[in-house]
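These are the residues of each chain, in order.
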Amino acid sequence: MEVIIDIDDATPLFAQLMEQIKQAIVEGKKQPGDPLPSIRQLANDLELNNKTVAKAYRLLERDAIIQTKGYRGTFVHPDAKENCSVDLTAWVDETLVNIINQFKNAGVTDSEIRIAFSNAMSGKS
Amino acid sequence: MSDFILYGCIFIIQIFVISIYYPSKIVKRIRYVIAHFPPSKYPKLYPQGTQKTQNRVGIFIAMNGVITAIGLTLFFIIFVYNGGKFTAEDVGSGVPLAFAMVQFIPFLVLEFMSHQQFKLMRKGYHSTQKKASLAPRHFLDLVSSSTLVIAIFALLAYLFSELFLPSILGLDSQIQWSRIVSMFLVHTLYTVIIYFALVGKKMDPYQAESDRKNHIIFTIDSLLVSSILISVFFTLSILVNLYELDRLEFVTNSLFMQFVVILGIGKQLRFIKLANLNFDVYKVSTEN
């Protein structure tokens with residue numbers, strides 16, 4: 001199973017890598033428990049920065065697609081196939097739109113929403 | 001007198017094996033590739049065209065020719081036209097080792113030229129698409145367990161011989177710390193080479209993943225075999241010194257260098273068969 005990254009593509013490299021790994025799992029080419037290459041091996045093979053591959057792995061681990069077991073390496077998560085169908089970004093977008101619509105229906109202005117969001121992100125509220 | 005004749009025969013065989021037989025096999029292989037995978041159909045294999053490749057082959061042949069001539073001259077002076085000056089005791093046991101170092105120079109030059117070729121291939125690789133396998137490359141998955149066990153056993157046998165055997169046999173002998181340091185440095189170097197073979201960047205940007213895996217397997221295997229040879233050679237040297245079998249040193253030194261070539265270069269030529277390599281990756285494509 002090969003991953004193919006296009007450095008000219010507008011999609012960020014780490015996102016391309018994440019998508020390819022998810023695709024391999026969904027298509028059954030990688031099964032739960034299967035080992036994955038180390039960050040260094042994949043970075044050198046794809047001629048990417050270690051940090052790019054590390055970011056992809058970190059986000060995949062957050063989404064429970066892969067799991068790192070210390071010195072033993074990285075493996076496909078037991079629930080990876082189910083978790084691949086969960087699109088975290090789409091969920092965030094949908095939830096935010098719903099909340100913003102609720103605020104607007106309650107009469108909150110756009111600038112008030114922006115200030116509240118900014119304060120929430122910086123932890124000031 | 002019989003030792004003298006034995007030394008002469010061993011030395012001639014060394015000249016033949018290292019400077020004639022295996023170089024001719026390498027040249028034949030390179031010429032086969034040029035003939036069956038020409039630049040018109042496989043341009044990516046020849047970043048500078050075939051003339052440069054032919055020049056490299058010419059340099060390799062010339063160097064081996066000169067070294068063969070030097071070897072035969074040495075043989076003639078020491079073993080034939082010595083006017084009765086030399087006996088077996090006079091022939092330095094270090095002659096095979098020292099001459100083998102010279103015989104290895106063309107192989108090192110060829111290796112350097114190969115690296116230059118790969119560098120040019122990487123420079124000419126303009127594809128925006130990067131490919132990688134999702135299969136991890138672990139040392140224990142790629143190494144032959146029997147070879148690894150033998151290498152570890154041989155190393156332990158050498159260390160035992162160096163550190164404990166003289167005292168066990170009640171013989172007076174000093175520990176050669178230079179040998180122990182050499183073993184440590186050599187095995188550290190081998191570990192680094194294996195590490196970079198497993199996780200380092202591709203030398204040949206077009207190489208198919210299966211060919212790369214086979215190349216890594218061969219690299220690990222050849223380094224383990226080299227480790228076994230060095231351990232055996234050092235152990236034999238210790239035994240030769242302990243039992244004052246200095247007359248065997250010339251033979252063991254020469255045979256060691258010959259085995260390094262037979263089990264190194266010879267094995268590579270047998271293991272990596274051209275028919276099994278994927279040369280389609282060097283064909284013209286719309287990609288790059």
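That block above? That's the structure.
Quick caveat: nothing in here was measured; it's all calculated off a predicted structure.

1. Structural notes on the overall build of chain A
Then, in step 1: Of the regular secondary structure elements, chain A holds six helices and four strands.
Then, in step 2: Taken from N to C terminus, the helices and strands of chain A fall in the order β-α-β-α-α-β-β-α-α-α.
Then, in step 3: Relative to a compact globule of 125 residues, whose C-alpha radius of gyration would be 14 Å, chain A shows 19 Å and is clearly more extended.
Then, in step 4: Along the three orthogonal principal directions, the C-alpha set of chain A runs to about 55 × 30 × 30 Å.

2. Looking at the overall build of chain B
Then, in step 1: Helix and strand content of chain B: ten helices and one strand.
Then, in step 2: Walking chain B from its N terminus toward its C terminus, one meets helices and strands in the order α-α-α-α-β-α-α-α-α-α-α.
Then, in step 3: Out of the 288 residues in chain B, the part that is buried amounts to 42%.
Then, in step 4: Pairs at least 24 apart in sequence give 84% of the contacts found in chain B among residues at least 6 apart.
Then, in step 5: For chain B, the accessible surface area stands at approximately 15800 Å², while carbon and sulfur atoms represent 67% of it.
Then, in step 6: In chain B, which carries 25 positive and 16 negative side-chain charges, the distance between the mean positions of the two groups comes to 18 Å.

3. Considering the packing of aromatic side chains
Residues and elements named next belong to chain B.
Then, in step 1: In this structure the tally under the stated criterion is 19 aromatic pairs over all chains.
Then, in step 2: With 6.3 Å between their ring centres and 80° between their planes, Phe79 and Phe250 make a pair best called edge-to-face. Taken together, the residues Phe79 in helix 2 (residues 50-80) and Phe250 in helix 10 (residues 249-271) connect sequence positions 171 residues apart. Considered together, Phe79 and Phe250 belong to a single accessibility category, that of buried residues.

4. A short note on a negative patch on the surface
Then, in step 1: Taken together, the side chains of A:Glu19, A:Asp87, A:Asp93 and A:Glu94 present a region of like negative charge at the surface.
Then, in step 2: Position of A:Glu19 among the secondary structure elements: in helix 1 (residues 13-26).

5. Describing a positive patch on the surface
All names here are of chain B.
Then, in step 1: Among the surface-exposed residues, Lys25, Lys28, Arg270 and Lys273 lie close enough to one another that they form a single positively charged patch.
Then, in step 2: By secondary structure assignment, the location of Lys28 is in helix 1 (residues 2-36).
Then, in step 3: Of the residues examined, Lys28 reaches a relative accessible area of 65% and is grouped as exposed.

6. Points about unusual backbone geometry
In terms of backbone geometry, most residues other than glycine have negative phi values and most peptide bonds are trans.
Residue and element names in this part refer to chain A.
Then, in step 1: Within the chain, Glu47 stands out as a residue other than glycine whose phi angle is a positive 55°.
Then, in step 2: On the secondary structure map, Glu47 appears in the loop between helix 2 (39-46) and helix 3 (50-62).
Then, in step 3: The residue Ala64 is not glycine, and still its phi comes out positive at about 55°.
Then, in step 4: Looking at the secondary structure, you find Ala64 in the loop between helix 3 and strand 3 (66-68).

7. Observations regarding the nonpolar core
One recurring pattern in soluble globular proteins: nonpolar side chains tend to sit buried together.
Then, in step 1: B:Ile18, B:Ile26, B:Phe107, B:Leu198, B:Ile220 and B:Ile265 are the most contacted members of the largest nonpolar core, which totals 42 residues.
Then, in step 2: Those elements that place two or more of their residues in this core are helix 1, helix 2, helix 4 (105-123), helix 6 (145-163), helix 8 (177-199), helix 9 (209-242) and helix 10 of chain B.
Then, in step 3: Sort the elements by how many residues they give to this core and helix 9 of chain B lands first, with twelve residues.
Then, in step 4: If you look at the next biggest cluster of nonpolar residues, it comprises 24 residues, including A:Met18, A:Ile25, A:Val53 and B:Ala132.

8. A closer look at the pattern of salt bridges
Then, in step 1: In this structure the tally under the stated criterion is ten salt bridges over all chains.
Then, in step 2: Of the charged contacts, one joins B:Lys130 and A:Glu47 as a salt bridge, the two residues approaching to 3.6 Å between their closest N and O atoms. Placement of the pair is B:Lys130 in strand 1 (residues 129-133) and A:Glu47 in the loop between helix 2 and helix 3, with the two residues belonging to separate chains.
Then, in step 3: Of the residues examined, A:Glu47 reaches a relative accessible area of 45% and is grouped as partly exposed.
Then, in step 4: Across the pair B:Glu162 and B:Arg179 runs a salt bridge, and its minimum N-O distance is 2.7 Å. Remark: B:Arg179 occurs in helix 8 and B:Glu162 occurs in helix 6; sequence separation between them is 17 residues.
Then, in step 5: Judged by its relative accessible area of 3%, B:Glu162 falls in the buried class.
Then, in step 6: The exposure class assigned to B:Arg179 is buried, which follows from its relative accessible area of 14%.

9. A few points about the sheet that holds strand 4 (residues 74-76) of chain A
Then, in step 1: Reading across from one edge, 2-4-3 (chain A) is the order of the three strands in this open sheet, with antiparallel pairing throughout. Edge positions in the sheet fall to strand 2 (35-36) and strand 3 of chain A, since each of these pairs with one other strand and no more.

10. Here we look at a nonpolar patch on the surface
Residue and element names in this part refer to chain B.
Then, in step 1: Together, Phe160, Leu163, Phe164, Ile168, Leu169, Leu171, Ile175, Trp177, Tyr243, Leu245 and Leu248 make up a nonpolar patch on the protein surface, roughly 980 Å² of accessible area in all.
Then, in step 2: Secondary-structure elements contributing two or more residues to the nonpolar patch are helix 6 and helix 7 (165-169).
Then, in step 3: Assignment of secondary structure puts Leu169 in helix 7.

11. Brief notes about the interface of chain B and chain A
Then, in step 1: The interface is formed by 16 residues belonging to chain B together with 22 residues belonging to chain A.
Then, in step 2: Buried surface at the junction of chain B and chain A, summed over both partners, amounts to about 1900 Å²; 55% is from carbon and sulfur atoms.
Then, in step 3: At the junction of chain B with chain A, the criterion picks out three salt bridges.
Then, in step 4: Where A:Asp45 meets B:Arg212, a salt bridge forms, and the shortest distance between an N and an O atom there is 2.7 Å.
Then, in step 5: Inspection of the chain B/chain A interface yields eleven residue pairs in polar contact (both at pLDDT 80 or more).
Then, in step 6: Put simply, the parts of the chain that give the side of chain B that touches chain A at least two residues each are strand 1 and helix 8 of chain B.
Then, in step 7: Per-element tally for the side of chain B that touches chain A: the top contributor is strand 1 of chain B, with five residues.
Then, in step 8: Here strand 1 (residues 2-6) of chain A pairs with strand 1 of chain B via five bridges, running antiparallel. Across the sheet, A:Ile4 pairs through a bridge with B:Lys131, a residue of strand 1 of chain B.

Thresholds, definitions, all that
Residues numbered from 1 in each chain as written. Chains lettered and ligands numbered in written order. Predicted model: local features only at pLDDT ≥ 70, side-chain atom pairs only at ≥ 80, totals over all residues. Heavy atoms only, no water. Helix = DSSP H or I, 4+ residues; strand = E, 2+ residues; numbered from the N terminus. Rg over C-alpha atoms; globule rule 2.2 N^0.38 Å. Buried < 20%, exposed > 50% of the residue type's maximum accessible area, 1.4 Å probe, protein only. Contact = heavy atoms within 4.5 Å. Areas by Shrake-Rupley, 256 points an atom, 1.4 Å probe, with all protein chains shown as cover. Lys, Arg positive; Asp, Glu negative; His and termini not counted. Charge placed at Lys NZ, Arg CZ, Asp CG, Glu CD. Phe/Tyr/Trp six-rings, centres within 6.5 Å; stacked < 30°, edge-to-face > 60°. Patch = residues over 30% accessible without salt bridge, like charges linked within 9 Å, V, L, I, M, F, W, Y side chains within 5 Å. Salt bridge = Lys/Arg side-chain N within 4 Å of Asp/Glu carboxyl O. Core = buried A, V, L, I, M, F, W, Y, C linked by side-chain atoms within 4.5 Å. Pairing = 2+ DSSP bridges. Buried area = accessible area lost by both parts, 1.4 Å probe. Polar contact = N/O pair within 3.5 Å; in protein donor to acceptor, adjacent residues only side chain to side chain.

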